Amino acid sequence: MIIVMKTGATERQIQDVEKVLEELGFQTHPIYGAVKTVIGAIGDRRLVEAHSIDHMEGVENIVPIMSPYKLVGRELIHDNTVVKVGDVTIGGEELIVMAGPCAVEDEDQLMSTALKIKEAGAKVLRGGAFKPRTSPYSFQGLEEEGLKLLAEVGRETGLKTVTEVVDTRDVELVSRYADILQVGARSMQNFKLLTECGKSQKPVLLKRGLSATIEEWLMAAEYVVSAGSSNVILCERGIRTFETATRNTLDINAIPVVKELSHLPIIVDPSHATGNWRWVDAASRASIAAGADGLIIEVHPDPSRASSDGQQSLKPDKFANLMKSLKPIAKAVDRAL
Ligand code: PEP
Ligand code: MN
C-alpha cells in the first residue's frame with residue numbers, strides 16, 4: 001500500500017510514520033516528490049488498519065496497491081523513471097543506443113568498435129567479460145581482464161559501459177569497473193543475484209528471461225528495486241516460442257504492455273531477439289516505433305572471427321547506417337536520437 005502524506009508534511013511526521021510501519025514489520029520506501037511525499041509500505045495491510053496509521057499526523061490517506069509488483073508498477077509511481085548514468089539518461093526524451101561486441105576479446109577489438117559506435121551516436125559500450133554460455137566448452141569470457149579493458153576503453157572514449165554479472169560473488173568486482181550491471185536472460189530469476197545487484201546501488205539492465213512472462217520479469221525487477229536500487233532498465237531480448245527460423249521471438253507487445261504496467265524504462269536487444277544480423281535493422285526500427293527507450297545492439301569489427309554471437313553482430317558501418325535510418329522513426333514518435 002502507499003501512505004500518502006499531506007502537502008507540507010514535516011520530515012519528522014514522515015519519519016514517525018516510517019518508524020511505526022517498520023516496528024510493525026513493514027518494508028518502507030519513501031518517495032519524495034516535489035509537492036508530496038508518499039511512503040511505499042510492503043507488509044500486512046490489516047496491521048495498518050489495526051494501528052490507525054491513517055490517523056497519524058501528516059497522513060492524508062492510504063491507498064492499497066493491487067499489483068504484485070508494488071515498487072515497479074505504475075500504481076505507486078506514475079511518472080516514468082529516468083535512469084541517470086553520468087550525463088546519459090535512459091527513459092527520457094532521448095533514445096539511448098548501447099552497442100559493442102558480445103564479448104570483450106582484446107583491446108584492439110574493443111577500442112576500434114567503441115570509436116565507431118560512438119561516432120555513429122551510441123552512448124553506452126557493451127561487452128561481456130563473464131559469458132554465460134549454453135555449452136561449458138564455449139568461450140567463457142576474459143573475466144577481470146575483460147572488465148579492465150572495458151573500463152579503460154570507456155574512460156578513453158567517454159562512453160558509459162554495461163557488462164553482465166552472473167554470480168553474486170562478482171557483483172562487487174563488476175561494480176568497480178562498469179557503469180551498468182547487466183543481469184542476463186539466464187539469470188533473470190536468480191533472486192540472490194538480483195538482490196545483490198540492487199544492494200550495489202548501480203543501475204541494472206535486467207534482461208527478460210528466455211521463457212519469462214511479463215509479470216515474472218517485473219517481479220524480478222521488484223527484487224532489484226526492493227533491495228535498494230530504483231535504477232532498473234528493462235530489456236526485451238526475445239522469448240522462446242515454437243518458431244525456429246529466428247533465435248528467439250521478439251515480443252514487440254511487451255513494449256507497450258510494460259510501459260502501461262511499469263514506470264521503468266525499457267530497451268530492446270534486437271541481436272539476441274533475432275539471432276541474425278540481417279534482421280537486426282528491422283527489429284530495431286520496429287522497437288523504436290513501438291515506444292522503446294533505446295536499443296542494445298551487438299557490433300563487432302570482424303563478426304566472422306567473433307568468439308561469440310558473430311552471426312548476429314553488425315559490422316560498424318552497418319551499425320552506422322542503421323543509426324541514420326532510426327532518426328526519422330525517432331522523430332515520428334517524438335523522441336530524439
Ligand atoms: C548477451 O547480452 O550477450 C547475452 C548473453 O544476452 P542474453 O542474456 O539476453 O542471452
Ligand atoms: Mn551475445
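One can find the structure itself at the top, above this paragraph.
Presented here is a report on the structure given in the accompanying data block. (Residues numbered from 1 in each chain as written. Chains lettered and ligands numbered in written order. Predicted model: local features only at pLDDT ≥ 70, side-chain atom pairs only at ≥ 80, totals over all residues. Heavy atoms only, no water.)

**So, the overall build of the protein**
Phase 1: On a plain count of helices and strands, the protein comes out with 11 helices and 14 strands.
Phase 2: Its C-alpha atoms give the protein principal-axis dimensions of about 65 × 45 × 40 Å.
Phase 3: In the protein, which comprises 337 residues, the proportion classed as buried is 52%.
Phase 4: For the protein, long-range pairs separated by at least 24 residues make up 68% of all intrachain contacts whose partners lie at least 6 apart in sequence.
Phase 5: Accessible surface computed for the protein: about 14900 Å², of which carbon and sulfur atoms make up 50%.
Phase 6: Placing the 39 positive and 46 negative side-chain charges of the protein at their respective mean positions leaves the two points 4 Å apart. (Helix = DSSP H or I, 4+ residues; strand = E, 2+ residues; numbered from the N terminus. Buried < 20%, exposed > 50% of the residue type's maximum accessible area, 1.4 Å probe, protein only. Contact = heavy atoms within 4.5 Å. Areas by Shrake-Rupley, 256 points an atom, 1.4 Å probe, with all protein chains shown as cover. Lys, Arg positive; Asp, Glu negative; His and termini not counted. Charge placed at Lys NZ, Arg CZ, Asp CG, Glu CD.)

**Quick look at a negative patch on the surface**
Phase 1: Taken together, the side chains of Asp106, Glu107, Asp108 and Glu156 present a region of like negative charge at the surface.
Phase 2: Within the secondary structure, Glu107 is located in helix H3 (residues 107-120).
Phase 3: The exposure class assigned to Glu107 is partly exposed, which follows from its relative accessible area of 36%. (Patch = residues over 30% accessible without salt bridge, like charges linked within 9 Å, V, L, I, M, F, W, Y side chains within 5 Å. Salt bridge = Lys/Arg side-chain N within 4 Å of Asp/Glu carboxyl O.)

**A few points about the coordination of the manganese ion (ligand 2)**
The textbook angles at a metal center are 109.5 degrees for a tetrahedron of four donors and 90 or 180 degrees for an octahedron of six.
Phase 1: With distances of 2.0 to 2.4 Å, the protein atoms coordinating the manganese ion (ligand 2) are Cys102 (SG), His272 (NE2), Glu298 (OE) and Asp309 (OD).
Phase 2: Mapping the donors of the manganese ion (ligand 2) onto the primary sequence yields the spacing C-x169-H-x25-E-x10-D. With Cys102 in the loop between strand E7 (96-100) and H3 and Glu298 in strand E14 (residues 294-298), this pair connects stretches of sequence that are 196 residues apart. (Donors = N, O, S within 2.8 Å, 3.2 Å for Na, K, Ca; no water.)

**Here's the deal with the site of ligand 1**
Phase 1: Every residue close to ligand 1 is listed here: Cys102, Arg126, Lys131, Glu164, Gln182, Gly184, Ala185, Arg186, Lys207, Arg237, His272 and Glu298.
Phase 2: In this structure, Arg186 approaches ligand 1 through a side-chain N or O atom, which is 2.8 Å from an oxygen atom.
Phase 3: If ligand 1 stood free it would expose 300 Å²; the protein chains cover 97% of that surface.
Phase 4: Its residues placed into classes, the shell around ligand 1 shows 2 nonpolar, 3 polar and 7 charged. (Near = heavy atom within 4 Å. Polar contact = N/O pair within 3.5 Å; in protein donor to acceptor, adjacent residues only side chain to side chain. Nonpolar A, V, L, I, M, F, W, Y, C, P; charged D, E, K, R; others polar.)

**Notes on the packing of aromatic side chains**
Phase 1: A full pass over the atoms with the stated rule returns 1 aromatic pair.
Phase 2: Pairing Phe191 with Tyr223 gives two aromatic rings, centres 4.4 Å apart and planes at 25°, and the pair type is stacked. Of this pair, Phe191 sits in helix H6 (residues 191-200) while Tyr223 sits in helix H7 (residues 214-226), and the two are 32 residues apart along the sequence.
Phase 3: The exposure class assigned to Phe191 is partly exposed, which follows from its relative accessible area of 33%.
Phase 4: Since its relative accessible area comes to 35%, Tyr223 is described here as partly exposed. (Phe/Tyr/Trp six-rings, centres within 6.5 Å; stacked < 30°, edge-to-face > 60°.)

**Some points on the sheet that holds strand E2 (residues 27-32)**
Strand pairing in a sheet is mediated by backbone hydrogen bonds. Such pairs are either parallel or antiparallel.
Phase 1: One open sheet accounts for 4 strands, arranged E2-E3-E1-E4; its pairing is antiparallel. One side of each edge strand has no neighbouring strand; the edge strands of this open sheet are E2 and strand E4 (59-63). Geometrically, the sheet is characterised by an average inter-axis angle of 20° between neighbouring strands, direction not taken into account.
Phase 2: Bridge count for strand E1 (residues 2-5) against strand E3 (residues 37-42) is 3 bridges, and the pairing is antiparallel. (Pairing = 2+ DSSP bridges. Axes fitted to C-alpha atoms, helices over the stretch in contact; angles between N-to-C directions.)

**Quick word on helix H4 (residues 144-157)**
Phase 1: In a regular helix each residue adds 1.5 Å, so 14 residues correspond to 20 Å; H4 covers 20 Å between its end C-alpha atoms and thus fits that length.
Phase 2: Taken together, the buried residues of H4 touch H3, strand E8 (124-126), strand E9 (160-164) and helix H5 (171-177).
Phase 3: Phi for Gly158, located one or two positions after H4, is positive at around 80°. (Expected span 1.5 Å × (residues − 1).)

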